[in-house]
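Residue-level listing of the chains:
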Amino acid sequence: MLTFIYFIVYFFGLPLILLYFYLRFRSQREFINFFGSLNSTYSKKNKERREIAEEKRYRLRIIFVIILIVFLFSWHFITSELADIRMRREMEFGLGGVYSENPIVVSLGPTYNVSEVIDTMNKKEERWLPDKVKEVVDLENLTNFKGKIAVYRTYDQRYIITYTYLLPYPIIKSFGFKYVKTDDGRLKIIKKDKRTIFYPLGPGIVDNTAKLVN
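Residues numbered from 1 in each chain as written. Predicted model: local features only at pLDDT ≥ 70, side-chain atom pairs only at ≥ 80, totals over all residues. Heavy atoms only, no water.

Summing up its helical and strand segments, the protein chain has 7 helices and 7 strands in all. For the protein chain, the α and β elements follow one another from N to C terminus as α-α-α-β-β-β-α-α-α-α-β-β-β-β. Of all 214 residues assigned to the protein chain, the portion counted as buried reaches 39%. Expressed as a percentage of contacts within the protein chain between residues at least 6 apart in sequence, the contacts between residues at least 24 apart total 55%. When the accessible surface of the protein chain is summed, it comes to about 13200 Å², and 58% of that surface belongs to carbon and sulfur atoms. (Helix = DSSP H or I, 4+ residues; strand = E, 2+ residues; numbered from the N terminus. Buried < 20%, exposed > 50% of the residue type's maximum accessible area, 1.4 Å probe, protein only. Contact = heavy atoms within 4.5 Å. Areas by Shrake-Rupley, 256 points an atom, 1.4 Å probe, with all protein chains shown as cover.)

Here's what the structure looks like:
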């Protein structure tokens, strides 16, 4: 249910907000213009009604600005959550039909605490492979701007990093690589990949990062 709500808000939130308030503003404008066009017989009463309507329109403008600001500065959060949900749900086909499987073996985030995630990656080298990550992405450069980071390793030997920028317009970058273990025990990168996803693209496509077959 929560995923469905996130989906609706991500794709339709801004158009619905703009359409709703556009119709409200147009209706109020026509209402105000109606009283302005009446003859002067009831001028005092019409003037009072028009002033009330204009006051309501002013309050509506304030409400519109507040709702728009709240939405725009929460849009990135919804984007990162949708990306994370999709990373943890992969459709598989088997003898029993279609089923959902979580491909993630271990993960960090999504979180705003970027420095803690990077410290963890550097301290636990065997698990988080910081040297291999450097071959794919410059984390310091990526995280210069505030955002949410998430790091994943999957059962099919993929390593994916997503970073959702804290902006009023959703932009998420994903970097990853597919790796194999050689006969002498070393890890070898066999595919590197990077993606930039922004509205109206779905953030869930980050789960294709570094897949050999997309």
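Additional details are given in the paragraphs that follow.
Right, let's get into unusual backbone geometry. Omega for the bond connecting Gly109 with Pro110 falls within 30 degrees of zero, at 10 degrees, which places this linkage in the cis form. By the element assignment, Pro110 lies in strand β3 (residues 104–111). For Leu129, which is not glycine, the phi torsion reads 45 degrees and is therefore positive. Within the secondary structure layout, Leu129 lies in the loop between α5 (125–128) and α6 (130–134). Assessed through its relative accessible area of 10%, Leu129 is described here as buried.

So, on to empty space enclosed by the protein. Tallied over the full model, the rule gives 2 cavities of 30 Å³ or more. Around the largest cavity, the lining residues are Ser80, Ala83, Asp84, Pro110, Lys148, Ala150, Tyr152, Thr162, Thr164 and Ile172. Listed by contribution, the elements that provide at least two residues to the lining of the largest cavity are α3 (75–87), β4 (147–154) and β5 (158–165). Class assignment for the residues of the lining of the largest cavity results in 5 nonpolar, 3 polar and 2 charged. In this structure, the second largest cavity spans a volume of roughly 30 Å³. (1 Å grid on protein atoms, 1.4 Å probe; cavity = no way out; pocket = protein on both sides within 12 Å on 5 of 7 lines; lining within 4 Å. Points joined across faces, edges and corners; volume = space filled by probe spheres on them. Nonpolar A, V, L, I, M, F, W, Y, C, P; charged D, E, K, R; others polar.)

Below, the discussion takes up the nonpolar core. Among the nonpolar cores identified, the biggest contains 23 residues, and Met121, Val133, Leu139, Val151, Tyr159, Ile161 and Phe177 are the most heavily contacted of them. Of all the elements in the fold, those that place two or more residues in this core are β3, α4 (114–123), α7 (139–142), β4, β5 and β6 (171–181). Once residues lying within four places of it in the same chain are set aside, the contact partners of Leu139 are Ile118, Met121, Val133 and Ile161. The next biggest cluster of nonpolar side chains, apart from the first, holds 16 residues, and it includes Ile17, Phe21, Phe71 and Ile78. (Core = buried A, V, L, I, M, F, W, Y, C linked by side-chain atoms within 4.5 Å.)

Since one α-helical turn is 3.6 residues long, residues separated by three or four positions face the same way. Listed as buried for α4 are Val114, Val117, Ile118 and Met121. Along the axis of α4, the buried residues cluster in a sector spanning 95 degrees; they form a single face. Where the residues of α4 are buried, they touch β3, α5, α6, α7, β4 and β5. (Arc of directions from axis to C-beta.)

What follows deals with the pattern of salt bridges. What the rule picks out here adds up to 8 salt bridges. Its salt-bridge partner being Glu135, residue Lys132 comes within 3.8 Å of it at the nearest N-O pair. Residue Glu135 is classed as partly exposed on the basis of its relative accessible area, which comes to 42%. Across the salt bridge formed by Asp156 and Arg158, the nearest N and O atoms sit 3.1 Å from each other. On the basis of relative accessibility, which here comes to 1%, the residue Arg158 falls in the buried class. (Salt bridge = Lys/Arg side-chain N within 4 Å of Asp/Glu carboxyl O.)

With that out of the way, let us pick up the sheet that holds β3. Strands belonging to one sheet form pairs held by backbone hydrogen bonds; the direction of such a pair is parallel or antiparallel. Taken together, 5 strands build an open sheet; the order of strands is β3-β4-β5-β6-β7 and the sheet is antiparallel. Strands at the two margins of the open sheet, each flanked by one partner only, are β3 and β7 (187–198). Recorded for the sheet is a direction-independent mean angle of 10 degrees between the axes of neighbouring strands. The strands touched by α4 are β3, β4 and β5; relative to β4, the strand with the most contacts, the crossing angle is about 30 degrees. (Pairing = 2+ DSSP bridges. Axes fitted to C-alpha atoms, helices over the stretch in contact; angles between N-to-C directions.)

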